[in-house]
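Coordinate analysis (summary)
Given next are the chains, with one letter for each unit.
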Amino acid sequence: MKPNAPEGDRSGRPADSRAQCNPHTSDRTKNRYDSRHILMAITGNRSQTSSARIRPAILRPRWGHSVPDTKTRTPRPMYRKPMKASATQGAKPTHLHRRARSVGALLALSLGAKPAGGEINYDLSGFGTLGGAISDQDFIYQRYIDDEGTINPDTLLGIQLDTKLNDAWGITLQVKGAPSNHSDTTWEPTLTWAFLSWRPTNDWLLRAGRLRLPLLLYSANNDVGATFDFARLPTEVYSVTPTPDVTGLSFSKTWLTDAREWTLEGYLGMAHTDWRFYLRDGFEPLLQAGSLYQGLDMALGGLVLSLRLDKSYWRLGIHHAAAQLDYGEVYTGYPYVEIAPGIGYYQTFEELPGPGVQTTGTVGINLLTLGTEIELPFQTRFVGEYVRRQFENADIGPDVNAGYLALLRPVGRLTPYVYWAGIRTTDDALNLFEATNGTRVPAYIPSADFINAAQIAGADFLAAQDQQSFAVGASYSPTPTSKIKAEWMHVRTGAVSSFVDAPAGEESGGRQLNVFSLSYSFMF
């Protein structure tokens, strides 16, 4: 089914939840929100999140067993090979197995069930982006971008099947093909949505299954480049969300007046995701240099309140996650070990002598999200978002403040824009990074090379951030369901940036780079 897009609304805002769940929208709502039906076949509802990458917490590997490989999530043995399970032993179902069973059940219901007194209606739609990016530096930025160019950051293809069982019940399945979230070298298909929806009344929407989190303004449609004007959503903000999706339950309640529309959304569920570390020099023989992905299991919940008034939109969200790493525990800080007056080191790993590193098995993550889109004079739009991510029981780098401010002004089918974005680790965590990263012991100290390598690796595991970017770009809409985008972005790093894969022996801080992006996004 080809989505019909209006000529006059290219804001890219997620459509109202009642309008997006197309099988269950009343005539009153349809008439009011026809101007946002461009998203209906793609986004399905207003549940939102970002697929952007999130920076990891500190890993405490279980050295006597195994640690993740530098390129995959598969553990590699360190000191002894783990015992293989016998054929008679029952294998514990993984999150992939559980997800496959859930999807199979939804498919069976979607394709095999027939509602009483009516027919099942199917709507098949899709979206995609073909994009390229190149920088003027030889080091890697955002996993892929360097002076050789790449298509990985933006290119993707997605298919969505919306099934209307009756006037109240529906099923949505969505699959996306894009670069892997747990490898820098592979692409893979991902099940992004698989949920059952029930709309008992026009103002209530309940869903169960694999859902997109309602975190940021463009979370619901951040994969659908044809619905927003930015060539790439600001990484400083859209990388902060703990995970793009959750498997669980959600609700949405809307209150409508003559001038205002209030919506309260809530969710509760579980998620498995992968956080990326990058080790500049490694920590031989324990860890190799390069990228390392760590699996993370989370229990999440949150509430989001939004207000739509005329052509302006505001939203406030409060979210909490309890996270556990697959292969170890989270460090809550590094104790300082003094060898002699003026000489010492931080105990970043338990292999170093010291009082022992304080750890926690479960880390609490709190998120505060604020967002607004305001119509200004001369058809100019202001868009801004702010995220505060706080770690309750760990003094580490992912504890950040992030935000961006943007101005856009459509001129016919062309929409130029500018934005500023920034992210910075809190002072205590950033001070810990700078202290650890700058600590070295003299060569005459026994095992000095090992201790100094541990300082660098420990600093990398803090995943600290201190970066700003400025972008100028434009989008052009040849049709209501497609956009051509071009952007120049200038990036400056402060003390450190986990978005930069610094070469061995070098720092990610104190760098500048320019990124040029060109892309074509479409829906069908």
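Scroll up to find the structure.
This report concerns the structure included in the present document. (Residues numbered from 1 in each chain as written. Predicted model: local features only at pLDDT ≥ 70, side-chain atom pairs only at ≥ 80, totals over all residues. Heavy atoms only, no water.)

**Quick look at the overall build of the protein**
When you go through the protein residue by residue, the secondary structure sums to seven helices and 25 strands. Taken over 524 residues, the protein has a buried fraction of 58%. Restricting the contact set of the protein to residue pairs at least 6 apart, pairs at least 24 apart contribute 68%. Accessible surface computed for the protein: about 21100 Å², of which carbon and sulfur atoms make up 58%. (Helix = DSSP H or I, 4+ residues; strand = E, 2+ residues; numbered from the N terminus. Buried < 20%, exposed > 50% of the residue type's maximum accessible area, 1.4 Å probe, protein only. Contact = heavy atoms within 4.5 Å. Areas by Shrake-Rupley, 256 points an atom, 1.4 Å probe, with all protein chains shown as cover.)

**Thoughts on the pattern of salt bridges**
One pass over the full model with this rule turns up 18 salt bridges. A salt bridge links D427 to R424, with the shortest nitrogen-to-oxygen separation between them at 2.7 Å. Among the salt bridges present, the one from R424 reaches D466, with a minimum N-O distance of 3.9 Å. With a gap of 42 residues between them, R424 in strand β21 (residues 414-425) and D466 in strand β22 (residues 465-479) connect regions that are remote in the sequence. Judged by its relative accessible area of 18%, D466 is buried. Among the ionic contacts, a cluster of salt bridges with common partners joins K176, R210, R212, D223 and D245. (Salt bridge = Lys/Arg side-chain N within 4 Å of Asp/Glu carboxyl O.)

**Some details on a negative patch on the surface**
A cluster of acidic residues, D136, D138, D147 and E148, forms a negative patch on the protein surface. Summarising the element assignment, D138 is placed in the loop between β4 (121-135) and β5 (140-141). A relative accessible area of 58% places D138 in the exposed class. (Patch = residues over 30% accessible without salt bridge, like charges linked within 9 Å, V, L, I, M, F, W, Y side chains within 5 Å. Lys, Arg positive; Asp, Glu negative; His and termini not counted. Charge placed at Lys NZ, Arg CZ, Asp CG, Glu CD.)

**A short note on a nonpolar patch on the surface**
Side chains of I134, L376, L405, L407, V418, W420, F470, V472, W488 and F516 sit close together on the surface and give an oily, nonpolar patch of about 810 Å² of accessible area. Among the secondary structure elements, those contributing two or more residues to the nonpolar patch are β20 (400-408), β21 and β22. Here V418 is to be found in strand β21. Classification of V418 as partly exposed rests on a relative accessible area of 31%.

**Topic: the packing of aromatic side chains**
In total, this model carries 19 aromatic pairs according to the counting rule given. On the numbers, 5.4 Å between centres and 15° between planes, the contact of W169 with W198 is stacked. Of this pair, W169 sits in strand β7 (residues 169-179) while W198 sits in strand β8 (residues 187-198); the two residues are 29 residues apart in sequence, bridging distant segments of the chain. In this structure W198 comes out as partly exposed when scored by relative accessible area, which is 32%. Among the aromatic residues, those joined into a ring-pair cluster are Y218, F228, F230, Y404, Y417 and Y419. R511 extends its terminal NZ or CZ atom over the ring of F139, reaching a point 4.6 Å from the ring centre. (Phe/Tyr/Trp six-rings, centres within 6.5 Å; stacked < 30°, edge-to-face > 60°. Lys NZ or Arg CZ within 6 Å of the ring centre and 35° of its normal.)

**Overview of the packing of helix α6 (residues 427-437) against helix α7 (residues 448-461)**
Between α6 and α7, the shortest axis-to-axis distance is 8 Å and the interhelical angle comes to 160°. Relative to α7, the element α6 lies roughly antiparallel. In this structure, α6 crosses over α7, and the sense of that crossing is left-handed. Of α7, the residues touching α6 (which contributes F433, T436 and N437) are Q455, G458 and A459. A class-by-class count of the residues in the contact of α6 with α7 yields two nonpolar, four polar and no charged. (Axes fitted to C-alpha atoms, helices over the stretch in contact; angles between N-to-C directions. Parallel < 35°, antiparallel > 145°, perpendicular 65-115°, else oblique. Left-handed = near helix turned anticlockwise from the far one by under 90°. Nonpolar A, V, L, I, M, F, W, Y, C, P; charged D, E, K, R; others polar.)

**Focus: unusual backbone geometry**
The omega torsion across E284 and P285 is 5°, close enough to zero to call that bond cis. Of note, P285 is situated in the loop between β11 (260-279) and β12 (290-309). Of note, S447 is a non-glycine position whose phi angle comes to about 60°, a positive value. Within the secondary structure, S447 is located in the loop between α6 and α7. Classification of S447 as exposed rests on a relative accessible area of 53%.

Such coordinate-based values are descriptive only and should not be taken to indicate function.
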